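Structure at a glance
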Amino acid sequence: MQNLLHNLNPEQLAAVTLPAQSALILAGAGSGKTRVLTTRIAWLIQTGQMSPQAVLAVTFTNKSAKEMLSRLSSMLPINTRGLWIGTFHGLCNRLLRAHHKDAGLPQTFQILDSSDQLSFIKRLLKANNVDDEKFPARSVMYFINGAKDKGLRAAAVDAYDDNDRKMVALYDLYDAQCQREGVVDFAELLLRTYELLSRNQPLREHYQARFKHILVDEFQDTNDLQYKWLKLMAGNQAAVFAVGDDDQSIYAFRGANVGNMSAFEREFQVKNLIKLEQNYRSHGHILDTANALIAHNSKRLGKNLHTDAGHGEPVRISESSSDIQEAQWIVEEAKNLMREGSSGSEIAILYRSNAQSRVLEHALFSAGLPYRVYGGQRYFERAEIKHAIAYMQLMDNPHNDSAFLRVVNFPTRGIGARSLEQLQDAAKQYGISLYAAVPYVPGKAGNSLGAFVKLIEGARFETQNLPLPEMVQVVLDLSTLLTHYQTEKEGADRIENLEQLVNAATVFVSEEGFGQNAPALSGPSSQAAGLLALPGGIEIIDADAALPMVMSPLSAFLSHASLEAGDNQAQAGQDALQLMTVHAAKGLEFDAVFITGLEEGLFPHENSAKEESGVEEERRLMYVAITRARNRLYISFSQTRMLHGQIRYNMRSRFFDEMPEESLKWLSPKVQANWFGNKKSAWDEAPEAGVNAIAQGFSKNTGSGWRIGQGVSHAKFGEGVIVNIEGSGSNARAHINFGQFGMKLLDLSIAKLDKIAS
DNA sequence: ATTAATGGTTCACAT
DNA sequence: AACCATTAAT
């Protein structure tokens, strides 16, 4: 006990030992937030104030849920498997499996990840002859998810014009189709659980009585639905312990609402608001930089981080002439760090968008530096894995039409567009799934389709008593996926990935506790699942925390594949540089951090520039990036960058003007505003900005010194870069990127432009 | 029915 | 530059 609270600072101690009332903890970056959360749970249990069953702890990522569990198990001698600690989505999945009947779902319902959802919608639009010019699948998806994130069904959405009304109608169609196929998307997991508990009083009261303490991590990232979900779970009794940092709210794009923090304070009558402002992570210059930057945001709850650590190293800034050169510079600096004794896994390379990783990976690979990419294309998103999963999905739930279409003719078995058309007509006519419609297709097409159905049925029969890993192996063989990729030229990697799937299944079985005597799910074992007798003779089978209680190993594994896309399978444990987006880096820390691509249009991203709130979110994102670093921070930008196969010319990010000069060290000469003259700029000295660049238009100039890539200054629009020139001589007009002012087309003989460097 | 070729689109972030 | 979807050729 003394040990538990040992080494906490006064604010942390106060937070951990608060009475059982709702509380809001404003925890700055690096202030020991996870420590406070886990110690709070351990303290409540150890002092006997609550039993382990009474805790519900919610996080956003599987990573942080795992982190909490492992820290807890080192603090307490209890089996953490029984604890309700997980992501919103993971917990909802469990609840829905256990109460699938009440929720109106098949026990084997399957979860659509975002790419599944998109193709599902494309199929839906096609089947209903919707003009996909007017209603692109992406915007339909955005509309549906946006509504669900607010907790709204189609009937509850306000539509003000024809376009909206059509969207609402599509939303309704979409939900109906999901229901027919037995599939749910991410947002549906939450919405369905919310509806289940609001409708079902005994169930609601059961869980409300059970969870005396609800703890929420990253509270600033909750959306409206998640907030309502928490209110429902809490009822009138639970103490909600919310930990968050408004300065790190970076998920508005998927519905997060920072306003939930003040709403929580008001609606839960929070008397205990504690600020954790002591930073234990970063050196002074790094923290000063972060503080100065975030001070440019207007809407803040107010909080300033301080540290006892010294100033440390200044923040190093580097300018490059191309993205390739930027990557080269990072390789060199990383090598230096490692030569000085840094471990590669303590060095992170961060970027705004996944597309940037390619160039970095290329440079690292050529230099022979081991690296690991997080996010991007993940293991379970690879085509061959999706195929294998689709076979298993069909075995578990044959009405999943997406899975059916994915593999009905892969590997090819003579089922073409024509046969499928017949099948789809039959399915529509009888209102049934494609799988169920197969018997209604006559002739040759019907025969090949029938053979496919037999294949699935056979696989299900042969694997019904096998442990999961062996089941996967059999599916790989029977589906002929392995033999198919053996005959393909570049199939070696794919075969390796497929064989990894058997491994993944083995690991999953041992981690999630699906031992050889896992319940066979011929009906949940009432003893294992904790049968509860409630007054009035109602029995509730509690969705106890461990997965084996509520679903079969196969269903669980398929959920896992959707919910936990699987970090890139790169060998964990290897000492590799860490590559990821800034979003993916939230919650992590490293000795050294590189933040790349600090350019107008990229960071802040151009799509965010339209509204001030967008730029403020980008600034918070940069704040998150900076505060990941303990000792060393590098920030880089480049004059040119390849995008969509074309060279783009960008100006350096406005964020440089918002960071304190005294904490920065410019490695390449800083280009002054309106600087021009005889001294050559880095640009002039760097013709290697590519042979490509020259080929693609550098030769295009007007003969008067204007050329693509030339930096210019304009009285009204400020600084910009010429990105294209049309015409010549006195007719020459230039497309100029003025960053904040956007793209302008100016007549070179009329507009008053000055040349500047970069 | 399957493959090769073409052309339009996209890369912002993610449970 | 890479990806997908549709079209043309086998």
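All residue numbers refer to positions counted from 1 along the written sequence of the respective chain. In the order they appear in the text, chains get letters beginning with A and ligands get numbers beginning with 1. Reporting in this predicted model follows two pLDDT cut-offs: at least 70 for local features of residues, and 80 or more for side-chain atom pairs to be given and counted; totals over whole chains, interfaces and linings ignore these cut-offs and use all residues. The basis for the side-chain values is all heavy atoms of the structure; hydrogens and waters are excluded.

Turning to the overall build of chain A, a few remarks are in order. Each helix is a run of DSSP H or I of at least 4 residues and each strand a run of E of at least 2, with the numbering of both proceeding from the N terminus. Within chain A, the regular secondary structure consists of 29 helices and 24 strands. Here chain A holds 758 residues, and the buried ones make up 53% of them. The criterion used for residue contact is that any of the two residues' heavy atoms lie within 4.5 Å. Contacts spanning at least 24 positions in sequence make up 75% of the contacts within chain A whose residues lie at least 6 apart. Of the roughly 33400 Å² of accessible surface on chain A, a fraction of 50% belongs to carbon and sulfur atoms. Remark: exposure states derive from per-residue accessible area (1.4 Å probe, protein chains only) relative to the maximum for the residue type, with buried under 20%, exposed over 50%, and partly exposed in between. Note that accessible areas follow from Shrake-Rupley with a 1.4 Å probe, and for residues the cover is restricted to the protein chains shown.

What follows is about the pattern of salt bridges. Side-chain pairs of opposite charge can arise whenever the charged atoms involved come near each other. We count a salt bridge whenever a side-chain nitrogen from Lys or Arg sits within 4 Å of a carboxyl oxygen from Asp or Glu. Following the criterion strictly, the structure yields 37 salt bridges and no others. With a closest N to O distance of 2.7 Å, Arg 300 and Asp 247 form a salt bridge. Here Asp 247 lies in the loop between strand S7 (239-244) and helix H13 (259-267) and Arg 300 lies in the loop between helix H14 (284-294) and strand S9 (315-320), a separation of 53 residues in the sequence. Here Arg 300 falls in the partly exposed class, since its relative accessible area comes to 25%. Taking the shortest distance from any N to any O, the salt bridge between Arg 316 and Glu 313 comes out at 3.0 Å. Judged by its relative accessible area of 12%, Arg 316 is buried.

Within soluble globular proteins, side chains that are nonpolar generally end up buried alongside one another. For this analysis, a nonpolar core means a set of buried residues of the types Ala, Val, Leu, Ile, Met, Phe, Trp, Tyr and Cys, connected via side-chain atoms within 4.5 Å. By size, the foremost hydrophobic cluster in this structure holds 68 residues, and its most contacted members are Leu 56, Tyr 207, Ile 214, Trp 229, Met 233 and Phe 264. Among the elements that make up this core, the one with the highest residue count is helix H12 (residues 224-234) (seven residues). For the domains described, the bounds stem from an automatic or database domain assignment. Structurally, this core is a two-domain feature, drawing no fewer than three residues from each of domain 1 (10-101 + 190-278) and domain 2 (110-181). The residues touching Met 233, leaving out its near neighbours within four places in the chain, are Leu 56, Leu 95, Leu 197, Tyr 207, Gln 208, Phe 211 and Ile 214. One finds Tyr 391, Ala 427, Phe 452 and Leu 476 within the second-largest nonpolar core, a separate group that totals 52 residues.

This part is about the protein's contact with DNA strand B. Think of it this way: one heavy atom of a residue within 4 Å of a molecule or strand is enough to make that residue near it. Around DNA strand B there are 29 residues in total, and Arg 352, Asn 354, Ala 355, Arg 378 and Gly 416 lie nearest to it. Near the protein, within 4 Å, the atoms of DNA strand B are sugar or phosphate in 55% of cases. For DNA strand B, a phosphate oxygen lies 3.2 Å from a polar atom in the side chain of Arg 138. Whenever two N or O atoms come within 3.5 Å, that pair is a polar contact, provided that in protein one can donate a hydrogen and the other can accept it, and provided that, for residues adjacent in sequence, both atoms are side-chain atoms. Within the side chain of Arg 254, a nitrogen or oxygen atom sits 3.4 Å from a sugar or linking oxygen of DNA strand B. With three residues, the single largest contributor to the surface near DNA strand B is helix H19 (residues 417-430). Considered class by class, the residues forming the surface near DNA strand B number eight nonpolar, 14 polar and seven charged. Each residue gets one of three labels, nonpolar for Ala, Val, Leu, Ile, Met, Phe, Trp, Tyr, Cys and Pro, charged for Asp, Glu, Lys and Arg, and polar for the others, Gly among them.

Moving on to the sheet that holds strand S2 (residues 55-59). In this description, strands pair whenever DSSP reports at least two bridges between them. In spatial order, the strands read S3-S2-S6-S7-S1-S8; together these six strands make up an open sheet with parallel pairing. Bordering the open sheet on either side are strand S3 (84-87) and strand S8 (272-276), each of which pairs with just one other strand. Going across the sheet, the axis of each strand differs from the next one's by a mean of 15°, ignoring polarity. Relative to S8, strand S1 (residues 23-27) runs parallel, the two being bridged by five bridges. Pairing of Leu 24 across the sheet is with Leu 273, part of S8. In this analysis, axes come from line fits to C-alpha atoms, helices being fitted only over the stretch in contact, and the angle between any two N-to-C directions falls in the range 0 to 180 degrees.

As a further point, take the packing of aromatic side chains. Only rings of Phe, Tyr and Trp enter the pairing, Trp through its six-membered ring, and a pair is recorded when the two centres are within 6.5 Å. The plane angle decides the type: under 30 degrees is stacked, over 60 is edge-to-face, the rest tilted. Evaluation of the coordinates by the stated rule reveals 23 aromatic pairs. Arranged with centres 6.0 Å apart and planes meeting at 15°, the rings of Tyr 207 and Phe 211 form a pair that is stacked. Taken together, the ring pairs in this structure connect Phe 219, Tyr 227, Phe 264 and Phe 268 into an aromatic cluster. Above the plane of the ring of Phe 120 lies Arg 123, whose end atom (NZ or CZ) is 5.1 Å from the centre. One cation-aromatic arrangement involves Arg 254 over Tyr 251; the distance from NZ or CZ to the ring centre is 4.0 Å. The criterion is that NZ of a Lys, or CZ of an Arg, lies within 6 Å of the ring centre and within 35 degrees of the ring normal, and then a charge sits over that ring.

The subject of this paragraph is the side chain of Glu 188. Summarising the element assignment, Glu 188 is placed in helix H10 (residues 186-199). Judged by relative accessible area, Glu 188 falls into the buried class, the value being 4%. Within the local environment of Glu 188, its side chain forms a polar contact with the side chain of Arg 153, the two groups lying 2.8 Å apart. Each residue touching Glu 188, except ones within four places of it in the same chain, is listed here: Lys 148, Arg 153, Asp 175 and Thr 193.

With that out of the way, let us pick up helix H21 (residues 443-463). Helix span, expected: 1.5 Å multiplied by one less than the number of residues in the helix. Taking 1.5 Å per residue as the helical rise, H21 with its 21 residues ought to reach 30 Å, and the 30 Å between its terminal C-alpha atoms agrees with that figure. Every buried residue of H21 is listed here: Ala 445, Gly 446, Leu 449, Phe 452, Val 453, Ile 456, Ala 459 and Thr 463. The buried residues of H21 occupy an angular sector of 150° when projected down its axis, which confines them to one face. Turned more than 90 degrees from where H21 packs its buried face, Lys 444, Asn 447, Lys 454 and Phe 461 sit exposed. Looking at the packing, one finds that the buried side of H21 touches helix H17 (383-396), helix H18 (401-407), H19, helix H20 (434-437) and helix H22 (468-478). What the arc measures is the spread of directions leading from the helix axis to the C-beta atoms.

A word on the protein's contact with DNA strand C. Contacts to DNA strand C come from Lys 122, Lys 126, Arg 358, His 644 and Gly 645. Counting only atoms of DNA strand C within 4 Å of the protein, the fraction found in sugar and phosphate groups is 42%. With respect to DNA strand C, the side chain of Lys 126 contributes an N or O atom lying 3.3 Å from a phosphate oxygen. Considering only residue class, the surface near DNA strand C consists of no nonpolar, two polar and three charged.

This part is about helix H28 (residues 612-626). The terminal C-alpha atoms of H28 lie 21 Å apart, and with 15 residues this matches the ideal 21 Å at 1.5 Å per residue to within 8%. Among the 15 residues of H28, 13 are classified as buried, and the element is accordingly described as predominantly covered.

Moving on, we come to the confidence of the model for chain A. The predictor attaches a confidence to each residue, and that confidence, scored 0 to 100, is pLDDT. Per-residue pLDDT for chain A has a mean of 85; in total, 86% of the residues score no lower than 70. In the model, residues 516-538 has pLDDT below 50 throughout and makes 26 contacts with residues more than four positions away in sequence or in other chains. Confidence over residues 670-703 falls short of pLDDT 50; this stretch has 47 contacts with residues more than four positions distant or in other chains.

Contact geometry for H22 and helix H24 (residues 492-512): axes closest at 8 Å, N-to-C directions at 160°. In terms of orientation, H22 and H24 fall into the roughly antiparallel class. The way H22 lies across H24 gives a crossing that is right-handed. Along the contact surface, H22 presents Leu 468, Pro 469, Val 472, Gln 473 and Leu 476, while H24 presents Leu 498, Leu 501, Val 502, Ala 505, Thr 506, Phe 508 and Val 509. Tallied by class, the residues present in the contact of H22 with H24 amount to 10 nonpolar, two polar and no charged. Under this scheme an angle from 65 to 115 degrees is roughly perpendicular, one under 35 degrees roughly parallel, and one over 145 degrees roughly antiparallel; angles in between are oblique. Crossings are classed by handedness, with left-handed meaning an anticlockwise turn of the near helix from the far one by less than a right angle and right-handed meaning a clockwise turn.

This part is about the packing of H24 against helix H26 (residues 553-563). The interhelical angle for the contact between H24 and H26, taken along N-to-C directions, is 110°, at an axis separation of 11 Å. Taken together, the axes of H24 and H26 lie roughly perpendicular to each other. Of the two elements, H24 crosses H26, and the hand of that crossing is right-handed. On the side of H24, the interface is formed by Leu 501, Ala 504, Ala 505 and Phe 508, while H26 contributes Pro 553, Ala 556, Phe 557 and His 560. Grouping the amino acids of the contact of H24 with H26 by side-chain chemistry returns seven nonpolar, one polar and no charged.

Its domain assignment divides chain A into domain 1 (10-101 + 190-278), domain 2 (110-181), domain 3 (315-378 + 570-666), domain 4 (381-505) and domain 5 (710-755). For domain 3 versus domain 4, the separation of C-alpha centres amounts to 41 Å.

Glancing now at the side chain of Lys 586. Among the secondary structure elements, Lys 586 is positioned in the loop between helix H27 (582-585) and strand S15 (590-595). Only 3.4 Å separates the side chain of Lys 586 from the side chain of Glu 218, close enough to count as a polar contact. At 3.5 Å, the side chain of Lys 586 forms a polar contact with the backbone oxygen of Gln 248.

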